[in-house]
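For reference, the chains in residue letters:
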Amino acid sequence: MIVIKTARELRQMQDACKLSARALRLAGEAVEPGVSTYEIDTLVRKYIEEQGATPSFLGYGGFPASACISVNNVVIHGIPSKKTILKAGDIVSIDVGAYLNGYHGDNAYTFKCGDISKEAQALLDATKESLFEGIKMAVAGNRVGDISAAVQQYTEARSYSVVRDFVGHGVGAKLHEEPSVPNFGTPHRGARLIPGMTLAIEPMINMGSHQVEVLDDEWTVVTVDGSLSAHFEHTIAITGDGPIIMTLPD
Ligand code: MG
């Protein structure tokens, strides 16, 4: 079942989304050579809890941290660790959610650590832009497949590949709601977009093959070929006046 939110409920959800965005910005500011992903996770957790909210991911399905921090060939669900020390040239995908006033916000961004290669920068630029290509199609009357196809077409035209095994999702009172929002698909297919729907659109784009695998820790998702992967995500609302990005910090 797809949950439709009233204007009042969307306003309520806005607080969780803004908080998520601020936590993500804070996390990004901490990305620099020599910092462990554990330290960044601790900052995120403290910040969200100080605001009277709960980190959405902490304990979700048993996830042991507040942020997913995925470096280089790690696609998503990287577990923060004191042993994972960032170095110049890394790309660092951070995914953060916060639960406040009965709603979740969910967003992600791939940050660069120091100077990165031209190739890595191009991957980040294309993945970020593909998110906005998807958001442009998040218009009432369109279908989920219009978002999916926009992301896929934009990235594949640049010879990148779209992760199949993990997808975006509805988000609201629950972190994961219907519908699924794949980053690949066919225009005019899938659920109809209706004002009051809230979606987490989140392209996960690989420089090499689309294939991924889950490591023995049962969380960390990596590219099978070891290629770099980037991940950008916003929570958006479908409205009569076009999409609203809910996860903006200000
Ligand atoms: Mg998400």
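Residues numbered from 1 in each chain as written. Predicted model: local features only at pLDDT ≥ 70, side-chain atom pairs only at ≥ 80, totals over all residues. Heavy atoms only, no water.

Participant: Pulling in residues and values, what's your account of the coordination of the magnesium ion?
Facilitator: Of the protein atoms, only Asp106 (OD), His169 (NE2), Glu202 (OE) and Glu233 (OE) coordinate the magnesium ion, at distances of 2.2 to 2.4 Å. Each donor residue of the magnesium ion belongs to the same chain, with the gaps between them written as D-x62-H-x32-E-x30-E. Here Glu233 lies in the loop between β13 (229-231) and β14 (234-237) and His169 lies in strand β7 (residues 168-170), a separation of 64 residues in the sequence. (Donors = N, O, S within 2.8 Å, 3.2 Å for Na, K, Ca; no water. Helix = DSSP H or I, 4+ residues; strand = E, 2+ residues; numbered from the N terminus.)

Participant: Tell me what's going on with the sheet that holds strand β8 (residues 177-181), and back it up with residues and numbers.
Facilitator: Ordered in space as β8-β7-β9-β14-β15, the 5 strands form an open sheet in which the pairing is antiparallel. The open sheet is flanked by β8 and β15 (244-245), the only strands paired with a single partner. Two elements, β7 and β8, share 3 bridges in a ladder whose sense is antiparallel. Its bridge partner being in β8, His169 is matched across the sheet by Ser180. (Pairing = 2+ DSSP bridges.)

Participant: Explain the packing of helix α3 (residues 118-136) against helix α4 (residues 144-156) residue by residue, including any values.
Facilitator: Following both chains from N to C, one finds α3 and α4 inclined at 150 degrees, their axes separated by 8 Å at the closest point. One way to sum up the angle between α3 and α4 is to call them roughly antiparallel. Read as a crossing pair, α3 and α4 show a hand that is right-handed. Residue-level contacts link Ala126, Glu129, Ser130, Glu133 and Gly134 of α3 to Ile147, Ala150, Val151, Tyr154 and Thr155 of α4. Looking at the contact of α3 with α4 residue by residue, the class counts come to 5 nonpolar, 3 polar and 2 charged. (Axes fitted to C-alpha atoms, helices over the stretch in contact; angles between N-to-C directions. Parallel < 35°, antiparallel > 145°, perpendicular 65-115°, else oblique. Left-handed = near helix turned anticlockwise from the far one by under 90°. Contact = heavy atoms within 4.5 Å. Nonpolar A, V, L, I, M, F, W, Y, C, P; charged D, E, K, R; others polar.)

Participant: With reference to specific residues and values, describe the sheet that holds strand β12 (residues 221-223).
Facilitator: The strand order across the open sheet formed by 3 strands is β3-β12-β11, and the pairing between neighbours is antiparallel. Because the sheet does not close on itself, it has two edges, and the strands there are β3 (74-76) and β11 (212-214). Neighbour-to-neighbour, the strand axes of this sheet turn through a mean angle of 40 degrees, independent of strand direction. Here 3 bridges tie β11 to β12, and the two strands are oriented antiparallel to one another. Bridging from a neighbouring strand, Val212 pairs with Thr223 of β12.

Participant: Explain the side chain of Glu233 residue by residue, including any values.
Facilitator: One buried charged residue, Glu233, forms no salt bridge at all, with the nearest opposite charge on Lys5 at 13 Å. Sequence-distant contacts of Glu233, defined by excluding residues within four places in its chain, comprise Asp95, Asp106, Asn107, Ala108, Leu131, His169, Ala200, Ile201 and Glu202. (Buried < 20%, exposed > 50% of the residue type's maximum accessible area, 1.4 Å probe, protein only. Lys, Arg positive; Asp, Glu negative; His and termini not counted. Salt bridge = Lys/Arg side-chain N within 4 Å of Asp/Glu carboxyl O.)

Participant: So what's going on with the pattern of salt bridges? Which residues, and what values?
Facilitator: Across all of its chains, the model carries 6 salt bridges by this definition. In this structure, Asp250 engages Arg25 in a salt bridge whose closest nitrogen and oxygen atoms are separated by 3.2 Å. On the criterion of sequence distance, the pair formed by Asp250 in the segment after β15 and Arg25 in helix α1 (residues 7-29) is long-range, its members being 225 residues apart. Taking relative accessible area as the criterion, Arg25 reaches 36% and is therefore assigned partly exposed.

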